[in-house]
Amino acid sequence: VIYEQEGVFIHSSCGKNDDQDSLISGVLRVIEKENEVIVDWRPLADTLDASNILCAGKDSSSVVEWTQTPKEKCSRGADRPISYEAEWDMVTTVSFKKKPHSNGDATTHANGESKWSFLFSLTDLKSIKRNKEGMGWSYLVFCLKDDVKLPALHFHHGDSKLLIKCLEKHVVLNESPQDKRILLVNSQNKSLSQSFENLFDESSYGLLQKLKKDPYTVTMGRFSKVTNYIFDSFRLSDPSSQRRPPSEMADFLNDAIPGLKINQQEEPGFEVITRIDLGKQPEVSRREPVSAEEWAKNMDSEGRILNVDYIKQLIFKGGLCHTLRKEAWKFLLGYFPWNSTKEERANLQKRKTDEYFRMKLQWKSVSEEQEKRNSRLRDYRSLIEKDVNRTDRTNKFYEGEDNPGLILLHDILMTYCMYDFDLGYVQGMSDLLSPLLYVMENEVDAFWCFVSYMDQMHQNFEEQMQGMKTQLIQLSTLLRLLDSGFCSYLESQDSGYLYFCFRWLLIRFKREFSFQDILRLWEVMWTELPCQNFHLLLCCAILESEKQQIMDKHYGFNEILKHINELSMKIDVEYILCKAEAISMQMMNCKELPQAVNEILGIESSSVTPDSDTGEDESGAVLSCPTSLYQSVSTPVIAANGTRDSTQQMSETQSLTPA
């Protein structure tokens, strides 16, 4: 039960006096049961009597009567009390029969009592009509999809706003343009934070329906296991009853994120990107990780970083040795200011420690009774517990059921809900936190680093999904410039929406690379070099690496999805970093880079002539990355093929800018 309110009345017209309504007091509940959300109202006298209930059946939106079969009547016994859970157990065993119903008429049974109880699934809800403000008690009228209107529910003890807020967690409600009192139900499922569910017993059509309703949960929970399932499920013995025509599959996925249009040539405000010769991708090498000695040499006696740009370039080219991560990540994520002294950082940590434990105490001090009345906090806790239990245990830090690391994960995520109660907890956040806690080995530092990381990532988890829409459109723009032929092939296979990249973007490749590789990848991305949105170029690098196999083997919709999913834990992080950097250099060297791409990569167009002493490359684009960082750095490097050359020096042109 996620919502419960007593004192919700039906004003029936069957009172003794024609001028006076008969008031029927009841209890209104919203119940989450498996994959369904049910709205249930019943009179107080009928709260424990499930023998006659008006409800919307799963096979139809019509109002039907719930009648028990003789076998059920016998097995229950006359004196056996029925618990609320027991009533739910009966839902799958009762038989349904059609019953005429007209709004406002009392339903009279053999015993002479009026039975007004009803329940319906949110999937059958079409609209909600509200009362005019200031006109007596607050009331709501539910209209189902076959235009059946249920009796108005009058809220005598409080208003209906809490119920509306509860429903908005599961469906999108929009005001009707014709009547602001009417809330129209959008079919998109808005419960972005619901837990993983095992849906493998569903048909492929059912999976696509789930994907359309809730892309977050399906991409996180289903794509991670899809492998042979989708490939096989489209080859069922009875395709006519299960399959969706291939031409319509993309419509399901495009509709999953309303407003997402990948074909930007048809989008207003986007320039048409014609085929541009980007030239050959340059050779790129990686260096060894930054050592503790290099880090210490770039710090003054008071603990200030002397040359921030230089350090960032070192990290971008090689990452960090593990012993440095605990300190350096705090700078990269913005928890520590780059220009701060050691003493200033110690004072900051002291203040942040006090602040953290004050917030932690807030939710720790909530009693069970208080939590029962706070559905949002209860939902956050439930989802966090489920997700923490699914944490990757391949790292020893999180081994075992009662591992201290798992307990800290739970506590930090609950405290974050206090820090940002509006956003709260959304599935996938635990993936972003677990590497931070592993590196920090400290509850407080891990929390504030997570807060800084979420400042960058919060748009990915907002209910309108604007951040995900923007990134998918930007990725399509970059990929079309890089290889328009490959883009056209994907579109021909109903895959031009790039939906298989959703999980990559949502949690920054956390489930695509090994635990140790993700530490390297994230610290490189946090340098914000060599350009804005470098993570999108990483996506391009992975897709370009797989292009040959996808096109040569003529992969279709199912095979592309299956192939991309199976790349998880098989991608060479150093190779992909080299390739993504090479793509950035290739694009920045282009003299005719489209304005849309300039904006995505953070490159400012300039009218200054190329030979002027301003630091531009030949294309006349001012790069957002530093221009003179390495002087004579001699370090072993790692080539794109993974081989090491200890004699090769990192030349100034290699290490300055991608151009």
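In this text, all values refer to a predicted model and were calculated from it rather than measured experimentally.

Cut-offs used in this document
- The numbers attached to residues start from 1 for each chain and follow its sequence in the written order.
- Two thresholds apply to this predicted model, a pLDDT of at least 70 for residue-level local features and 80 or more for giving and counting side-chain atom pairs, whereas whole-chain, interface and lining totals are computed over all residues.
- The side-chain numbers reported here are obtained from all heavy atoms of the structure, hydrogens and water having been left aside.
- Each residue carries a pLDDT score, the predictor's own confidence in it, on a scale running from 0 to 100.
- Note on contacts: a residue pair is in contact if any heavy atoms of the two residues lie within 4.5 Å.
- Numbering of helices and strands runs from the N terminus, with a helix taken as a DSSP run of H or I at least four residues long and a strand as a DSSP run of E at least two residues long.
- Relative accessibility under 20% of the residue-type maximum defines a buried residue, over 50% an exposed one, and the middle range a partly exposed one, all with a 1.4 Å probe and only protein chains included.
- Definition of a polar contact: a pair of N or O atoms within 3.5 Å, with one able to donate and the other able to accept a hydrogen when the atoms are protein atoms, and with sequence-neighbouring residues admitted only if both atoms are side-chain atoms.
- A fitted line through C-alpha atoms serves as each axis, taken over the contacting stretch for helices, and the angle formed by two N-to-C directions is quoted from 0 to 180°.
- In what follows, roughly perpendicular refers to angles from 65 to 115 degrees, roughly parallel to angles under 35, roughly antiparallel to angles over 145, and oblique to any angle outside these ranges.
- Crossings are assigned a handedness: left-handed for a near helix turned anticlockwise from the far helix by less than a right angle, right-handed for a clockwise turn.
- Following the grouping adopted for this structure description, the nonpolar residues are Ala, Val, Leu, Ile, Met, Phe, Trp, Tyr, Cys and Pro, the charged ones are Asp, Glu, Lys and Arg, and the polar ones are all others, Gly among them.
- Paired strands, as defined in this entry, are two strands with at least two bridges between them according to DSSP.
- By this rule, a helix spans an expected 1.5 Å times one less than how many residues it contains.
- Note on terminology: a nonpolar core comprises buried Ala, Val, Leu, Ile, Met, Phe, Trp, Tyr and Cys residues joined through side-chain atoms within 4.5 Å.
- By convention here, the domain bounds are inherited from an automatic or database domain assignment.
- Pairs were defined over the aromatic rings of Phe, Tyr and Trp, the Trp ring being its six-membered one, requiring ring centres within 6.5 Å. Orientation was assigned from the angle between planes: stacked under 30 degrees, edge-to-face over 60, tilted for the rest.
- Salt bridges are counted wherever a side-chain nitrogen of Lys or Arg sits within 4 Å of a carboxyl oxygen of Asp or Glu.

K.L.:
A description of the confidence of the model for the chain should follow, citing residues and the corresponding values.
P.N.:
Here the chain averages 74 in pLDDT, while 64% of its residues score no lower than 70. A low-confidence stretch, residues 263-271 stays under pLDDT 50, and its non-local contacts, those more than four residues away or across chains, total 13 contacts.

K.L.:
Got a sec to walk through the side chain of T527? Specific residues and values, please.
P.N.:
Of note, T527 is situated in the loop between α21 (515-526) and α22 (534-552). By relative accessible area, T527 is classed as buried at 2%. Polar side-chain contacts of T527 include one of 2.7 Å to the backbone oxygen of V524. Look past the residues within four positions of T527 in its chain and what remains in contact with it is K312, I315, F316 and L332.

K.L.:
Any details on the packing of helix α11 (residues 322-332) against helix α16 (residues 429-440)? Residues and values, ideally.
P.N.:
At a closest axis distance of 9 Å, the pairing of α11 and α16 adopts a crossing angle of 115°. In terms of axis orientation, α11 runs roughly perpendicular to α16. Read as a crossing pair, α11 and α16 show a hand that is left-handed. Residue-level inspection shows H322, R325, K326, W329 and K330 of α11 in contact with α16, the latter providing P435, L436, Y438, V439 and M440. In terms of residue class, the contact of α11 with α16 is built from six nonpolar, one polar and three charged.

K.L.:
Lay out the pairing of strand β2 (residues 22-33) with the relevant residues and their values.
P.N.:
When strand β1 (residues 3-12) meets β2, the two strands line up antiparallel, connected through nine bridges. Counterpart to V8 in the pairing with β2 is G26. The pairing of β2 with strand β3 (residues 36-43) spans eight bridges and is classified as antiparallel. Paired with R29 across the two strands is D40, which belongs to β3. With antiparallel pairing between neighbouring strands as the criterion, β2 and β3 make up a hairpin whose turn holds two residues, including E34 at a positive phi of roughly 55°.

K.L.:
Which residues make up the pairing of strand β9 (residues 138-144), and what values do they have?
P.N.:
Among the seven residues that make up β9, six are buried, leaving the element largely enclosed by the rest of the structure. Bridge count for strand β8 (residues 125-130) against β9 is five bridges, and the pairing is antiparallel. Of the residues in β9, the one forming a bridge with R130 is L140. Here β9 runs beside strand β10 (residues 153-155); their pairing, made up of three bridges, is antiparallel. Counted as the bridge partner of S138 is F155 from β10.

K.L.:
An account of α16 is needed here, citing residue identities and associated values.
P.N.:
Structural remark: α-helix, 3.6 residues per turn; residues separated by three or four positions point the same way. For α16, spanning 12 residues, the distance from its first C-alpha to its last is 17 Å, which sits close to the expected 16 Å at 1.5 Å a residue. A large share of α16 lies buried, amounting to 12 of its 12 residues. When we look at burial in α16, the residues that qualify are M429, S430, D431, L432, L433, S434, P435, L436, L437, Y438, V439 and M440. E441 sits one or two residues past α16 and shows a positive phi near 55°.

K.L.:
How would you explain the nonpolar core if you had to name every residue and give the values?
P.N.:
Soluble globular proteins tend to bury their nonpolar side chains together. Counting residues in hydrophobic clusters, the biggest one holds 121 residues, and the most contacted among them are M429, F461, F509 and M587. If one sorts the elements of this core by residue count, helix α17 (residues 443-461) sits on top with 11 residues. Each of domain 2 (247-288 + 465-602) and domain 3 (341-460) accounts for three or more of the residues forming this core. The contact partners of F509, leaving out residues within four places of it in the chain, are W504, I518, L521, M525, H535, L538, C539 and I542. Within the second largest apolar cluster, 31 residues are counted, among which are V8, V39, I128 and F142.

K.L.:
Any chance you could break down the packing of aromatic side chains for me, citing the residues and the numbers?
P.N.:
Enumeration over the complete set of coordinates arrives at 25 aromatic pairs. Note on F120 and F142: the rings are 5.2 Å apart at their centroids and 55° apart in plane angle, and the pair reads as tilted. Of this pair, F120 sits in strand β7 (residues 118-121) while F142 sits in strand β9; the two residues are 22 residues apart in sequence, bridging distant segments of the chain. Each member of the pair, F120 as well as F142, is classed as buried.

K.L.:
Please set out the pattern of salt bridges residue by residue, giving values where relevant.
P.N.:
Per the counting criterion, the structure on display carries 29 salt bridges. Close ionic contact of E175 with R130 constitutes a salt bridge, the shortest N to O distance being 3.5 Å. Pair noted here: E175 is in strand β11 (residues 171-175) and R130 is in strand β8, with a separation of 45 residues, a long-range link. A residue is classified by how much of its surface remains accessible, and R130, at 24% relative accessible area, is partly exposed. Through salt bridges with shared partners, a single network forms among R286, R325, R520, E523 and E574.

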